[in-house]
Amino acid sequence: MGRLDKYNVELKDLKEQQAQYQWTVDQDFFSVVEGDEVRNGKVDVNLAVTKASGLYKLFFSVAGTVVVTCDRCLDDMPLQIENSGELKVKLGADFGDDGDVVIVPEVQGFVNVAWYIYEFIALAIPIKHVHAPGKCNKGMMEKLDELTVGEDQEEQTGQTETDPRWDDLKNMIENDND
């Protein structure tokens, strides 16, 4: 029995028109799934499966806290997430997908939703994730400020430094416009 077998959802032997599943995923789950975006956290997952004329609709709802890397200081940071979505599955001869419908072999009769759970969690994470102001790693922020060349240096010198290779290109463009 695999570590993700508890996320198998029986479809073929579904007795009722609707079934409910609940899990709490944590460090063990994220270490087995091995996704790049999330490596730790605690997220509650609710899944409702509805059967209608050979098509199974899986409604996912995820909510909890994940640990991601801060884009600014590279320290781990907790992030509250919440997401929901739908997955359509039908039984067929082989694994595959037909547009927005996942096909699983009828002889198997179940779908493992572990990766789909991970995807719904990852999709809830904003593109940019940074600590609240003042919460980033102080040492890293000092080093970042030290190495950042930008507006502060321009204000001190009164001019911007440019790469001399670009100066020739700018002159060519200016002469071309004349």
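Going by the structure above, here's the rest.
Below is a summary of the structure that appears in this document.

Conventions and cut-offs
- Residues numbered from 1 in each chain as written.
- Predicted model: local features only at pLDDT ≥ 70, side-chain atom pairs only at ≥ 80, totals over all residues.
- Heavy atoms only, no water.
- Phe/Tyr/Trp six-rings, centres within 6.5 Å; stacked < 30°, edge-to-face > 60°.
- Helix = DSSP H or I, 4+ residues; strand = E, 2+ residues; numbered from the N terminus.
- Buried < 20%, exposed > 50% of the residue type's maximum accessible area, 1.4 Å probe, protein only.
- Patch = residues over 30% accessible without salt bridge, like charges linked within 9 Å, V, L, I, M, F, W, Y side chains within 5 Å.
- Areas by Shrake-Rupley, 256 points an atom, 1.4 Å probe, with all protein chains shown as cover.
- Salt bridge = Lys/Arg side-chain N within 4 Å of Asp/Glu carboxyl O.
- Pairing = 2+ DSSP bridges.
- Axes fitted to C-alpha atoms, helices over the stretch in contact; angles between N-to-C directions.

As for the packing of aromatic side chains
- Using the criterion set out here, one finds seven aromatic pairs in the structure.
- Geometrically, the ring pair formed by Tyr7 and Trp23 is tilted, given 5.3 Å between the ring centres and 55° between the ring planes. Taken together, the residues span a long stretch of sequence, with Tyr7 in the segment before strand 1 (8-10) and Trp23 in strand 2 (residues 18-25) at a distance of 16 residues. When sorted by exposure, Tyr7 lands in the same class as Trp23, which is buried.
- When the centroid spacing of 5.7 Å and the interplanar angle of 15° are considered together, the rings of Tyr21 and Trp23 count as stacked.
- Following the ring pairs from residue to residue traces out a cluster consisting of Tyr7, Tyr21, Trp23, Phe29, Phe30, Trp115 and Tyr118.

Section: a nonpolar patch on the surface
- A contiguous nonpolar patch, built from Trp166, Leu169, Met172 and Ile173 and spanning about 440 Å² of accessible area, is present on the exposed surface.
- Within the secondary structure layout, Leu169 lies in helix 5 (residues 164-177).
- On the basis of relative accessible area, Leu169 is assigned to the partly exposed category, the value being 36%.

Some points on the pattern of salt bridges
- For the structure on display, the rule yields three salt bridges.
- Asp100 is paired through a salt bridge with Lys88; the nearest N and O atoms lie 3.6 Å apart. Taken together, the residues Asp100 in the loop between strand 6 (96-98) and strand 7 (101-105) and Lys88 in strand 5 (residues 76-92) connect sequence positions twelve residues apart.
- Here Asp100 falls in the exposed class, since its relative accessible area comes to 53%.
- Classification of Lys88 as partly exposed rests on a relative accessible area of 22%.
- Note that Lys143 is salt-bridged to Glu146, the shortest N-O span being 3.4 Å. Here Lys143 and its partner Glu146 are both found in helix 3 (residues 138-147), three residues apart, which amounts to about one turn of the helix.
- Overall, the relative accessible area of 41% leaves Lys143 in the partly exposed class.

What to know about the pairing of strand 5
- Here strand 4 (residues 55-69) pairs with strand 5 via 15 bridges, running antiparallel. Bridged to Ser61 within strand 5 is Ser84.
- Hairpin remark: strand 4 followed by strand 5, antiparallel, with six residues in the connecting loop; positive phi at Leu74, about 70°.
- Sheet topology places strand 5 next to strand 7; five bridges connect them, and they run parallel. In the sheet register, Lys90 faces strand 7, and the bridge partner there is Ile103.

Section: the sheet that holds strand 7
- Strand order in the open sheet formed by six strands is 2-3-4-5-7-6, and the pairing between neighbours is mixed. A strand with exactly one partner marks an edge of an open sheet, and here the two such strands are strand 2 and strand 6. Across the sheet, the mean angle from the axis of one strand to that of its neighbour is 25°, orientation sign disregarded.

All quantities given are derived from atomic positions and should not be read as evidence of function.
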